[in-house]
Amino acid sequence: MKKSLLILVTALAATGLAQAEDTLKKVKDSGAITLGVRESSGVLSYTLGGAKYVGYHVAICEKAVEDIEKAVGRKVKVSYQPVTSQNRIPLVQNGTVDLECGSTTNNATRQKDVAFANTTFVEEVRMAVKASSGIKSVADLQGKTVATTTGTTSVQTLRKNKRAENMEFKEVFGKDHSDSFLLVDSGRADVFVMDGSLLAGLIARSKNPADFKIVGEVLSVEPIAIMMRKDDEALLKLVNATIASMVKSGEINALYDKWFMQPTPPTGAKVGLAMSENLKAALKSPNNKPMEDYAKK
C-alpha cells in the first residue's frame, strides 16, 4: 500500500512538472508562439491595421519572446491573436493564446483561473465625458447613461463607490473599448468608465481630442499584468526574469516614455501620462499582488 502510494505521488509530481513546462515544450516543438493582443487598449496594446499590433505591453511580450527563444534554443514564429474582454481568459486557458499582452487587471478572482506575471502597469479607473457635458464627478451621474466594455469590471467598480449609492443610471455596453468610446462620441452615452490610460489614449487618437476630458475621482487602482496559463511555473519565471532585466537596464522606463510621453503611431498622438507613483513602487519591488491588495492601502 505504501509502495503504491509512493508510485502515485511520484507520477503526480511528474505530471505537474510536465504541465509546468508545457508552454516552453510546445514552443520548442512547434517553433511558434501566440500573443494575445487588443485592438484598442490605449497604448498598452492596439492595432495599426492588418496583422500589425504595437504598444507598451506588446513590446514587453516581444522582449519575453526573445528570452523564450534563448531558452528553447531556436527561432520562434510569433502570431498575434486579437482578444476581447470576454474571450481573453478562455483563450489563454484553452491554449489558443500563450501570453496575453493587453490590459488585463490582475484580481483575486482571475488568479483562480490564470496566472499573472509581475505588475508592469498600474491603472486608475476614471470617467471620460464630452467636455461640454457638465459632468465632473460620480455625484453627477444620476439619470445618465454610462458606457463600459463588455467583460470588464468598471461599472461594478463604479457601483461600489460610496457616491454612487442609491443612484440610478443606465448602462450600455460596447463590444470593445473603441466601440464604448464611440457611444460617448455619438451621444448614445454620457460617460465611459474605464482605465485612465485607455481613456487618455482613445481621446488622444480621436478626431477632436479637445472635445473630451477625463473627470472625477479615482474609482479604483488596478495592477495590470501579462497573463498566461495557470501552473506554468517555467514560463512565469522566464517572463518575470525578462521584466526584471528590463527594469534593471532601464529599458522598461524607456518603453514607458516611448508609448506614454512621446508621439505614437499612426497619427503622432501623444497620451502624456507620466508614470504613477504606484507603478514606480511596483517596478521597484516586483510583485503580482491582485487589485484587492491595493484597495487595502
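Residues numbered from 1 in each chain as written. Predicted model: local features only at pLDDT ≥ 70, side-chain atom pairs only at ≥ 80, totals over all residues. Heavy atoms only, no water.

Q: I keep staring at the packing of helix α3 (residues 56–72) against helix α8 (residues 233–249) and nothing clicks. Help me out?
A: Each pair of packed helices gets described by two things: the angle between the helix axes and the distance between those axes. Here α3 crosses α8 at 120 degrees, and the two axes come no closer than 9 Å. Taken together, α3 and α8 sit at an angle that is classed as oblique. Helix-helix and strand crossings are classified by hand; for α3 and α8 the assignment is right-handed. Contact residues: α3 offers Ile60, Lys63, Ala64, Asp67, Ile68 and Ala71, while α8 offers Leu235, Leu238, Val239, Thr242, Ile243 and Met246. Split by residue class, the contact of α3 with α8 holds 9 nonpolar, 1 polar and 2 charged. (Axes fitted to C-alpha atoms, helices over the stretch in contact; angles between N-to-C directions. Helix = DSSP H or I, 4+ residues; strand = E, 2+ residues; numbered from the N terminus. Parallel < 35°, antiparallel > 145°, perpendicular 65-115°, else oblique. Left-handed = near helix turned anticlockwise from the far one by under 90°. Contact = heavy atoms within 4.5 Å. Nonpolar A, V, L, I, M, F, W, Y, C, P; charged D, E, K, R; others polar.)

Q: Which parts of the structure should I look at to understand the sheet that holds strand β11 (residues 191–195)?
A: Spatially, β10-β9-β11-β8-β12 is the arrangement adopted by the 5 strands of the open sheet, whose pairing is mixed. Strands with a single pairing partner mark the edges of an open sheet, and in this sheet they are β10 (170–174) and β12 (212–224). Each strand of the sheet is rotated relative to its neighbour by a mean of 25 degrees, with strand direction disregarded. Seen against the sheet, helix α7 (residues 196–204) touches β8 (121–130), β11 and β12 and runs at an angle of roughly 50 degrees to β8. The sheet strands contacting helix α10 (residues 277–284) are β8 and β12, and the helix crosses β8 at an angle near 160 degrees. (Pairing = 2+ DSSP bridges.)

Q: For this particular structure, what's the right way to read the state of the cysteines?
A: Working definition: the covalent bond between the sulfur atoms of two cysteines is a disulfide. For the structure shown, the criterion picks out 1 disulfide. Linked covalently through their sulfurs, Cys61 and Cys101 form a disulfide whose S-S length is 2.1 Å. On the sign convention where negative is left-handed, the bridge of Cys61 and Cys101, at about -105 degrees about the S-S bond, is left-handed. Of this pair, Cys61 sits in helix α3 while Cys101 sits in the loop between β6 (99–100) and β7 (114–116), and the two are 40 residues apart along the sequence. Just as Cys61 is buried, Cys101 falls in that class too. (Disulfide = S-S within 2.5 Å. Buried < 20%, exposed > 50% of the residue type's maximum accessible area, 1.4 Å probe, protein only.)

Q: Please clarify how helix α2 (residues 22–30) should be interpreted in this entry.
A: Three- or four-residue spacings in an α-helix give side chains the same orientation, since the helix completes a turn every 3.6 residues. Looking at α2, one finds that the buried residues are Thr23, Leu24 and Val27. Here the buried residues of α2 occupy an arc of 100 degrees about the axis, which is enough to place them on one side. In the core, the buried residues of α2 are packed alongside β1 (32–37), α3, β13 (227–229) and α8. Downstream of α2 by a residue or two, Gly31 has a phi angle that is positive, lying close to 70 degrees. (Arc of directions from axis to C-beta.)

Q: Whenever I open this one, the environment of Lys170 confuses me. Can you help?
A: Examined against the element boundaries, Lys170 turns out to sit in strand β10. Look at Lys170 and you get exposed, because its relative accessible area is 54%. Expressed as a C-alpha distance, the spacing of Lys170 and Ala147, which sit 23 residues apart in the sequence, is 8.5 Å.

Q: How do you make sense of the nonpolar core when you look at a structure like this?
A: Here is a general trend for soluble globular proteins: nonpolar side chains tend to be buried in one another's company. Counting residues in each nonpolar core, the largest one holds 58 residues, and the members touching the most others are Tyr56, Ile68, Leu99, Trp259 and Phe260. In this structure, Phe260 is in contact with Val43, Leu44, Tyr56, Phe121, Ser197, Val271, Gly272 and Leu273, ignoring residues within four places of it in sequence. In this structure, Val146, Val155, Ala164 and Val191 belong to the second largest nonpolar core, which totals 16 residues. (Core = buried A, V, L, I, M, F, W, Y, C linked by side-chain atoms within 4.5 Å.)

Scope: geometric values only; no functional claims are made or implied.
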